[in-house]
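Chain and residue survey
Listed here are the chains, written in short residue letters.
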Amino acid sequence: MENPDNKTEVVLLACGSFNPITNMHLRLFELAKDYLHETGKYNVIKGIISPVGDAYKKKSLISANHRVTMAKLATESSDWVQVDDWESSQNEWLETLKVLRYHHQKLASSTPANSLQNAVPLIKPGRKRKQEANRYIPAKKNQLSPETKGVPQLKLLCGADMLESFGIPNLWKLEDITEIVANHGLVCITRAGNNAQKFIYESDTLWQHKNNIHLIEEWITNDISSTKIRRALRRGQSIRYLVPDAVQAYIEKHNLYSPESEDRNVGVILAPLQKYARGCKQEQTL
């Protein structure tokens, strides 16, 4: 990929529930793009929204089909942010690191400078696409190097809440956090008075890779959140101008959010907490 300005090309990946997607989710991409361009070192060429699958088991998480459709409606007018439904189509919950690996592999295999012969096939020969579409095929480490010639850097775009969730026991594996910040990097949108910098300072892992973590302070603040939008909908209040018009129309058409939908997955342990807590117990019994 030609890069006459000798700037590092970047693809931004945002993972999350998007339940529903809001105008603030879209603003994260614009804020990150402006910041990275203003450094003079980067050229953001693409943004990817990857809604989590139903197997995440988060409270009040409605069907991935609806969440993906709303995200696609929200990004119809964008010429650089798009929605990818690969993560949401998986039968099992996938760690964020695996989603990053998948998209890095996809970028590498689509770059002319890299031979397709070295890429892990996403669909095996002789198999129907439907059979393989939901299968995660791990890539080898040498295929995931961020130094691969001509491949844009893939960075995880998030808010300060995701960054600080690294400190919640059994929510993330330490080795996953290390690989995310070391091989990919974070672009984190914070707000005035947020303690993201302190959180990084207090984490040896994050501090070691602090140069690969971009903290962007959001000066034009708003407090839009999916949780507050769902609350407004349950109470019959307007959400206009909080979400794109097409998303609002879709929610109303399908009557998506209600007291019943808010109770979905109540009492169910979040998928990563189930997985990692179980792993810790197994280790303790060995």
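Residues numbered from 1 in each chain as written. Predicted model: local features only at pLDDT ≥ 70, side-chain atom pairs only at ≥ 80, totals over all residues. Heavy atoms only, no water.

Moving on: the packing of aromatic side chains. According to the stated counting rule, one finds six aromatic pairs in the structure shown. Each ring, one from Phe29 and one from Trp80, has its centre 6.0 Å from the other, and the planes form 75°; the classification is edge-to-face. Of this pair, Phe29 sits in helix 1 (residues 23-38) while Trp80 sits in the loop between helix 2 (64-74) and strand 3 (81-83), and the two are 51 residues apart along the sequence. Ring geometry for Trp93 against Tyr276: centres 6.1 Å apart, planes inclined by 70°, an arrangement best described as edge-to-face. With a gap of 183 residues between them, Trp93 in the loop between strand 3 and helix 3 (96-109) and Tyr276 in helix 12 (residues 271-285) connect regions that are remote in the sequence. Stacked on the ring of Trp80, the Lys or Arg Lys33 has its end atom at 4.5 Å from the ring centre. In this structure, Lys210 packs its charged tip against the face of Trp207, placed 4.4 Å from the ring centre. (Phe/Tyr/Trp six-rings, centres within 6.5 Å; stacked < 30°, edge-to-face > 60°. Helix = DSSP H or I, 4+ residues; strand = E, 2+ residues; numbered from the N terminus. Lys NZ or Arg CZ within 6 Å of the ring centre and 35° of its normal.)

Locating Leu270 in the fold gives a position in the loop between helix 11 (259-262) and helix 12. Of the residues examined, Leu270 reaches a relative accessible area of 18% and is grouped as buried. When residues no more than four places from it in sequence are discounted, the contact partners of Leu270 are Tyr56, Lys57, Lys58 and Leu171. (Buried < 20%, exposed > 50% of the residue type's maximum accessible area, 1.4 Å probe, protein only. Contact = heavy atoms within 4.5 Å.)

Among the surface-exposed residues, Glu30, Asp34, Glu38 and Asp79 lie close enough to one another that they form a single negatively charged patch. Topologically, Asp79 is positioned in the loop between helix 2 and strand 3. (Patch = residues over 30% accessible without salt bridge, like charges linked within 9 Å, V, L, I, M, F, W, Y side chains within 5 Å. Areas by Shrake-Rupley, 256 points an atom, 1.4 Å probe, with all protein chains shown as cover. Salt bridge = Lys/Arg side-chain N within 4 Å of Asp/Glu carboxyl O. Lys, Arg positive; Asp, Glu negative; His and termini not counted. Charge placed at Lys NZ, Arg CZ, Asp CG, Glu CD.)

The next subject is the confidence of the model for the protein chain. Of all residues in the protein chain, 81% attain a pLDDT of 70 or more, and the chain-wide mean is 86. Across residues 115-137, confidence stays below pLDDT 50; counting only partners more than four residues off in sequence or on other chains, it has 34 contacts. Under a pLDDT of 50 for its full length, residues 281-286 has, in the predicted model, zero contacts with residues more than four places off or in other chains. (pLDDT = per-residue confidence, 0-100.)

Before going further, it helps to spend a moment on the environment of Leu174. Mapped onto the elements, Leu174 comes out in helix 6 (residues 174-184). Among the residues examined, Leu174 registers a relative accessible area of 52% and is labelled exposed. Residues Leu174 and Thr205, 31 residues apart in the sequence, show an inter-C-alpha distance of 8.3 Å.

In terms of nonpolar packing, the biggest core is built from 39 residues, with Leu163, Phe166, Leu186 and Leu206 touching the most fellow members. Elements represented by at least two residues in this core include exactly strand 1 (8-16), helix 3, strand 4 (153-159), helix 5 (160-165), helix 6, strand 5 (186-191), helix 7 (196-202) and helix 12. No other element matches the six residues that helix 3 contributes to this core. When sequence neighbours within four positions are dropped, the list of residues in contact with Leu206 reads Leu163, Phe166, Ile177, Val181, Phe199, Ile200 and Ile213. (Core = buried A, V, L, I, M, F, W, Y, C linked by side-chain atoms within 4.5 Å.)

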